[in-house]
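Each chain, written out:
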Amino acid sequence: MEPKFEVTMNEYLPLRDVVFNTLRQAILRGELKPGERLMEIQLANKLGVSRTPIREAIRKLELEGLVLMIPRRGAEVAEITEKNLRDVLEVRAALEELAVQLACTRISYEGIESLKKAAKDFEATLSSEDITKIAEADVAFHDIIYLATENRRLIQLLNNLREQMYRYRVEHLKQKECHPQLLEEHQEIIHAIEKREKDIAAKLTNQHINNQVTAVTGKLRSREE
């Protein structure tokens, strides 16, 4: 099946970066699926560019762990594995526990109101079939907590991890049976932050992420059976 994505030109970015961002998002959103071969000529024709920026993008995607180079076969989209899932979410759990603890002491009244609104916005998207829209609403909720830390280094680390987390966030959100639990967890986290209960907020955040690990791991194992 021909991929549905297309390149969006940006006058402020070099072509190689535009192509890289396009392919990266296509992988993260599942438009290029795990195990799918990345054929330079096909992708160049699809995006209307030469093979050179495609080749450069594939090299960068390999460095990020999104693409694998297979001997005598070429490049293909990396599989979503249980090991990679746990590696990424272990780091996320540690950083987000710190973030929510800092948010408990530093968040403003306006920040708490923004967090409540973001939770409602996320709930509103769950009736949509647009998984990207749902994932972006979930990201927006957590971003408010990050910003409330007022710690630029921590925010930078979390933002750098964002793309690696995105694949697993999408896989989790595809499981509609998990949505009620997600909504409840968001409300519990908001309540703990509002009450400035750092230890409880950290514990809830850790459980929030562990539940994602459990859900996505179960999905991965069911595929293997």
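The model shown is predicted, which means the values in this text are computed figures rather than measured ones.

Our next topic: helix 5 (residues 109–125). Over its 17 residues, helix 5 runs 25 Å from end to end, which matches the ideal 24 Å to within 8%, given 1.5 Å per residue. Restricting attention to buried positions, one finds in helix 5 the residues G111, I112, L115, A118, A119, F122 and T125. End-on view of helix 5: buried residues confined to an arc of 140°, all on one side of the axis. Looking at helix 5, the residues exposed on the side facing more than 90 degrees away from the buried face are Y109, E110, K117, K120 and A124.

In this sheet, strand 2 (residues 74–77) lies alongside strand 1 (residues 67–70) in antiparallel orientation, the contact comprising four bridges. Looking across to strand 2, one finds that I70 is bridged to G74. Between strand 1 and strand 2, which pair antiparallel and follow one another directly, the connecting turn spans three residues, one of which, R72, has a positive phi of 65°.

Under the domain assignment used here, the protein contains domain 1 (15–77) and domain 2 (82–222). With eight residues of domain 1 in contact, the opposing surface of domain 2 contributes six residues. Both sides of the domain 1 and domain 2 interface together cover about 690 Å² of buried area, and 49% of this is carbon and sulfur. Interface area lost by domain 1 to domain 2 is led by R24, L28 and R29, which between them contribute 65%. Remark: the boundary between domain 1 and domain 2 carries zero salt bridges. Counting across the interface, domain 1 meets domain 2 through zero residue pairs in polar contact (both at pLDDT 80 or more).

What counts, and where the lines are drawn
Residues numbered from 1 in each chain as written. Predicted model: local features only at pLDDT ≥ 70, side-chain atom pairs only at ≥ 80, totals over all residues. Heavy atoms only, no water. Helix = DSSP H or I, 4+ residues; strand = E, 2+ residues; numbered from the N terminus. Expected span 1.5 Å × (residues − 1). Buried < 20%, exposed > 50% of the residue type's maximum accessible area, 1.4 Å probe, protein only. Arc of directions from axis to C-beta. Pairing = 2+ DSSP bridges. Domains from an automatic or database assignment. Contact = heavy atoms within 4.5 Å. Buried area = accessible area lost by both parts, 1.4 Å probe. Salt bridge = Lys/Arg side-chain N within 4 Å of Asp/Glu carboxyl O. Polar contact = N/O pair within 3.5 Å; in protein donor to acceptor, adjacent residues only side chain to side chain.

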